[in-house]
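# Reading the structure
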Amino acid sequence: MSNSLNFTNKLCVFFLTTVNEYRTGTLKVAIETFLKKCKSKYAFDLLIYFDVEFIPHHSSYDFASTLETKYENLNKIIIIFNEIPEKENFYIKNNNHDINLDEFPMGATHGVNYHFYMTLNDLFTRSYDNFLLLESDTMPLKDDWFDVAYDFIDNESPYQPFLIAGSKYKGCNREFVNAQYYANHLNGVAIYKNCKNLKNDLEHSRLYL
């Protein structure tokens, strides 16, 4: 949307999502919720990464075009289709399911892991200093959510250098989560810094996984 707000490439927003989330409407609801509840002095780019290209996909471009004219904080929407092969695009929640790790080295959540690394590798080639990952099951709690992330980068990161700035679990099921092996993991919804050190760290994490 053409407006008087200052465009920033210090921070872009991206959704890591699936065609299924688009078709069920959950992605649209999430994006509109964040944009409706955004009072920022900045305009920013929104990138949407789908797991596969879908036919017809013109509806997603129509949706993006509508949003660009509707919300002043939105500079433009960029849609990217990650072409994940169908046989590799799976997420198995049953731990008893046998996975051929030679064929699918990222395990039972191979699809979403593949999607994540493909997406970050693309973002590293773009001209944004940092990327804020959002997902379709998240929602903003405050109108200044973008500025909170931006101000952290601008004011706090010189004193608290980061590669990934995220949060540990703060939900209502803390006692259970704190007892799990992943208790101290950062949520994937976070700010990622566009730098060589993070790129190297993510490549090592992919190999470790």
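Residues numbered from 1 in each chain as written. Predicted model: local features only at pLDDT ≥ 70, side-chain atom pairs only at ≥ 80, totals over all residues. Heavy atoms only, no water.

### A closer look at the overall build of the chain
If you tally the helices and strands in the chain, you get seven helices and seven strands. The order of helices and strands in the chain, counted from the N terminus, is β-β-α-α-β-α-β-α-β-α-β-α-β-α. Computed over the C-alpha atoms, the radius of gyration of the chain is 18 Å, within 12% of the 17 Å expected from 2.2 N^0.38 for a compact globule of 209 residues. In the chain, which comprises 209 residues, the proportion classed as buried is 40%. Taking the intrachain contacts of the chain between residues at least 6 apart in sequence as the baseline, contacts between residues at least 24 apart amount to 78%. (Helix = DSSP H or I, 4+ residues; strand = E, 2+ residues; numbered from the N terminus. Rg over C-alpha atoms; globule rule 2.2 N^0.38 Å. Buried < 20%, exposed > 50% of the residue type's maximum accessible area, 1.4 Å probe, protein only. Contact = heavy atoms within 4.5 Å.)

### Notes on the side chain of Asn130
Looking at where Asn130 falls in the secondary structure, it is placed in strand E5 (residues 130–134). For Asn130, the side chain forms a polar contact with the main-chain oxygen of Lys10, separated by 3.0 Å. When near neighbours in sequence (up to four residues on either side) are disregarded, Asn130 contacts Lys10, Leu11, Cys12, Ile153, Phe162, Ile191, Tyr192, Lys193 and Asn194. (Polar contact = N/O pair within 3.5 Å; in protein donor to acceptor, adjacent residues only side chain to side chain.)

### Concerning the packing of aromatic side chains
Overall, the coordinates contain 17 aromatic pairs when judged by the stated rule. With a centroid separation of 6.0 Å and 65° between ring planes, the pair formed by Phe124 and Phe131 is classed as edge-to-face. Owing to a relative accessible area of 12%, Phe124 belongs among the buried residues under this scheme. Here the basic side chain of Lys28 rests over the ring of Phe63, its NZ or CZ set 5.7 Å away from the ring centre. The ring of Phe162 carries the charged tip of Lys193 above its face, separated from the ring centre by 5.5 Å. (Phe/Tyr/Trp six-rings, centres within 6.5 Å; stacked < 30°, edge-to-face > 60°. Lys NZ or Arg CZ within 6 Å of the ring centre and 35° of its normal.)

### Brief notes about the side chain of His115
Tracing the chain through its elements places His115 in helix H4 (residues 110–123). A distance of 2.7 Å separates a polar atom in the side chain of His115 from the backbone oxygen of Thr17. In this view, His115 contacts Leu16, Thr17, Tyr49, Phe50, Asp51, Asn82 and Ile84; residues no more than four positions away in its chain are not counted.

### Some thoughts on helix H3 (residues 58–70)
With 13 residues, H3 should reach 18 Å at 1.5 Å per residue; the first-to-last C-alpha distance of 19 Å fits that figure. Of the positions making up H3, those classed as buried are Ser60, Phe63, Ala64 and Leu67. One side of H3 holds all its buried residues, which, seen down the axis, span an arc of 100°. Elements that come into contact with the buried residues of H3 comprise helix H1 (19–24), helix H2 (26–36), strand E3 (42–50) and strand E4 (74–81). (Expected span 1.5 Å × (residues − 1). Arc of directions from axis to C-beta.)

### A few points about the environment of Asn94
In this structure, Asn94 sits in the loop between E4 and H4. Classification of Asn94 by relative accessible area gives partly exposed; the value is 44%. As for Asn94 and Asn197, which are separated by 103 residues in sequence, their C-alpha atoms are 34 Å apart.

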